[in-house]
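So you can see what is in the structure, the chains are spelled out below.
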Amino acid sequence: MPRKLISVDLSKPPSCQPTPVHNRWHPDIPFVASLKQGEVVRVECLDWTGGQISDNDCADDIQNVDLTQVHYLSGPIEVDGAEPGDVLVVHLLDLGPLQQSEWGFTGIFAKENGGGFLTQHFPTAAKAIWNFEGIYATSRHIPGVRVPGLVHPGLIGCLPSKELLDEWNKRERELVATDPNRVPPLAELPNKKGALLGKLEGTADWERVALEAARTVPPREHGGNCDIKNLSKGSVCYFPVYVKGAGLSMGDMHFSQGDGEISFCGAIEMAGFVDLKVEIMKGGMEKLAMKNPIFKPGPVEPRFSRHLVFEGISVDEQGKQFYLDAHVSYRMACLNFVNYLKKFSYR
């Protein structure tokens, strides 16, 4: 049995967890637990909203979710012997929902509160609740469909160095400045509102760190919100180490997900656990010429014998031609698929 390293209590808010959690990235967030190479441990995680979404038939909680208070992460975990320049090799051994919470949700986020890849076409909040039975999920809101799960952490990575954090904040501020009034914004900049900083809560350093700490929405050089559906049982993650002890954190557990989350909350979100062990590749960043993490998906995934493939090309909704634009092409492929579902349903 794995040693339970981090526990969560779903009856309590994120700020009152038995092991402090965090929802920002900063090198000064203290470690909450430690482990050694080869040790098998279990890490429990809240759902990404920290319990803001309820098992009911109303989407008001999706409409009004406070996005300054999301992506609650279990960690940072100190790995004995990890140093800057190393690579942390994380083996995902087992993953699943918490026994006391075998349900999840999918949401379309409102354009003015989160939005999504197709928010110009689907600007209104909506929600589906899913119940788990073994490897399958069913929803009373989407009758007649049973989805085989592929459980994975949507968000996993190590703490950044102060230098890397400063680089993130600089480039993201520059991006926002190109269109400061855009809805939704081009990036979520540091914001102390809603910040939860683990063991820093109530300390003199909280204000400074909250004003500097990076938000958790995008993936970055350290890992983060990668949302890779195949990072399930048997997967191996290779993360660059930027601080002594690595500071591994994870959360945003998904029962299943497609190739990305086109509705912003497009996975089946849940509270869950990760069983893992780690190794350290000394000097691994140089050996692997690593700038971003490397992922080796495991051999486990649902098996389908037939597929429909929807093509998208670099011509947008208004018929404007673009040059090899993957963003436009992917959006158009998604819309072609949605239009098919509207005509023929999902059955």
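This one's a predicted model, so the numbers in the text were calculated from it and none came from an experiment.

Peer 1: Can you tell me about the state of the cysteines, naming the residues and giving the values?
Peer 2: Inspection of every chain in the model, using the stated rule, returns 0 disulfides. Cysteine C45 shares no disulfide, and the gap to the nearest cysteine sulfur, in C226, comes to 13 Å. On the accessibility criterion, C45 (0% relative accessible area) is buried. Considering cysteine sulfurs only, C265 is the nearest to C334, which forms no disulfide, with 16 Å between them.

Peer 1: Kindly report on the pattern of salt bridges, identifying the contributing residues and their values.
Peer 2: The full count for this structure, using the stated rule, is 24 salt bridges. With its nearest N and O atoms 3.4 Å apart, the salt bridge here joins R171 to E167. Of this pair, R171 and E167 both sit in helix α2 (residues 162-177), 4 residues apart, roughly one helical turn. Classification of R171 as partly exposed rests on a relative accessible area of 32%. Look at E167 and you get partly exposed, because its relative accessible area is 40%. The structure contains a network of salt bridges with shared partners spanning D28, D205, R208 and E212.

Peer 1: An account of the pairing of strand β6 (residues 87-97) is needed here, citing residue identities and associated values.
Peer 2: Buried residues dominate β6, accounting for 9 of its 11 residues. Judged from the 5 bridges that link them, β6 and strand β14 (residues 236-240) form a sheet pairing that is antiparallel. By the bridge assignment, V87 is partnered in β14 with P240. Strand direction decides the pairing type here: β6 and strand β17 (residues 272-281), joined by 10 bridges, are antiparallel.

Peer 1: Would you mind going over the packing of aromatic side chains in detail, with residue names and values included?
Peer 2: All chains considered together, the criterion is met by 10 aromatic pairs. Relative to F264, the ring of W48 lies with its centre 6.0 Å away and its plane at 50°, an arrangement referred to as tilted. On the criterion of sequence distance, the pair formed by W48 in the loop between β4 (41-45) and α1 (60-64) and F264 in strand β16 (residues 264-269) is long-range, its members being 216 residues apart. Judged by its relative accessible area of 3%, W48 falls in the buried class. Pairing F109 with F264 gives two aromatic rings, centres 4.9 Å apart and planes at 35°, and the pair type is tilted. One end of the pair, F109, is in the loop between β7 (103-108) and β8 (126-133); the other, F264, is in strand β16, and 155 residues separate them in sequence. Residue class for F264 comes out partly exposed when judged on its relative accessible area of 25%. Every member of this aromatic cluster is reached through a ring pair, and the members are F310, F337, Y340 and F344. K343 extends its terminal NZ or CZ atom over the ring of F344, reaching a point 6.0 Å from the ring centre.

Peer 1: Mind laying out the environment of V209, listing which residues take part and the relevant values?
Peer 2: Mapped onto the fold, V209 is located in helix α3 (residues 206-212). V209 sits in the buried class, given a relative accessible area of 0%. Non-local contacts of V209, meaning those with residues more than four positions away in its chain, are made with H26, D28, L197 and L200.

Peer 1: So what's going on with the environment of D227? Residues and values would help.
Peer 2: Here D227 is to be found in the loop between β13 (223-224) and β14. With relative accessibility at 16%, the residue D227 sits in the buried group. Not counting the four nearest positions on each side in its chain, D227 is found in contact with G154, D252, H254, Q257 and E261.

Peer 1: Mind laying out the sheet that holds strand β18 (residues 294-296), listing which residues take part and the relevant values?
Peer 2: The strand order across the open sheet built from 6 strands is β1-β4-β17-β6-β14-β18, with neighbouring strands paired in mixed fashion. The sheet is open, and its two edges are formed by β1 (3-6) and β18, each paired on a single side. Looking at each pair of strands side by side, their axes are set apart by 30° on average, direction ignored. As defined by bridge partners, β14 adjoins β18 across 3 bridges and the pair is classed as antiparallel. Within the sheet, the bridge partner assigned to C237 lies in β18 and is F295.

Peer 1: Outline the nonpolar core, listing residues and values.
Peer 2: Core analysis: the largest hydrophobic core is formed by 38 residues, its most contacted members being L88, V90, L248, M250 and L276. The leading source of residues in this core is strand β15 (residues 246-256), at 5 residues. Among residues more than four places away in sequence, those in contact with M250 are V43, C45, L73, S74, I77, L155, I156, V274 and L276. Core analysis: the next-biggest nonpolar cluster, separate from the first, contains 15 residues, V89, L164, L165 and M290 among them.

Peer 1: How would you explain unusual backbone geometry if you had to name every residue and give the values?
Peer 2: For the peptide bond that leads from G75 to P76, omega is -5°, which places it in the cis range. Structurally, P76 is set in strand β5 (residues 73-79). The residue after V183, namely P184, is reached through a cis peptide bond having omega -10°. Looking at the element boundaries, P184 is found in the loop between α2 and α3. Non-glycine residue A289 carries a positive phi angle of around 50°. Here A289 shows up in the loop between α4 (284-287) and β18.

Cut-offs applied
Residues numbered from 1 in each chain as written. Predicted model: local features only at pLDDT ≥ 70, side-chain atom pairs only at ≥ 80, totals over all residues. Heavy atoms only, no water. Disulfide = S-S within 2.5 Å. Buried < 20%, exposed > 50% of the residue type's maximum accessible area, 1.4 Å probe, protein only. Salt bridge = Lys/Arg side-chain N within 4 Å of Asp/Glu carboxyl O. Helix = DSSP H or I, 4+ residues; strand = E, 2+ residues; numbered from the N terminus. Pairing = 2+ DSSP bridges. Phe/Tyr/Trp six-rings, centres within 6.5 Å; stacked < 30°, edge-to-face > 60°. Lys NZ or Arg CZ within 6 Å of the ring centre and 35° of its normal. Contact = heavy atoms within 4.5 Å. Axes fitted to C-alpha atoms, helices over the stretch in contact; angles between N-to-C directions. Core = buried A, V, L, I, M, F, W, Y, C linked by side-chain atoms within 4.5 Å.

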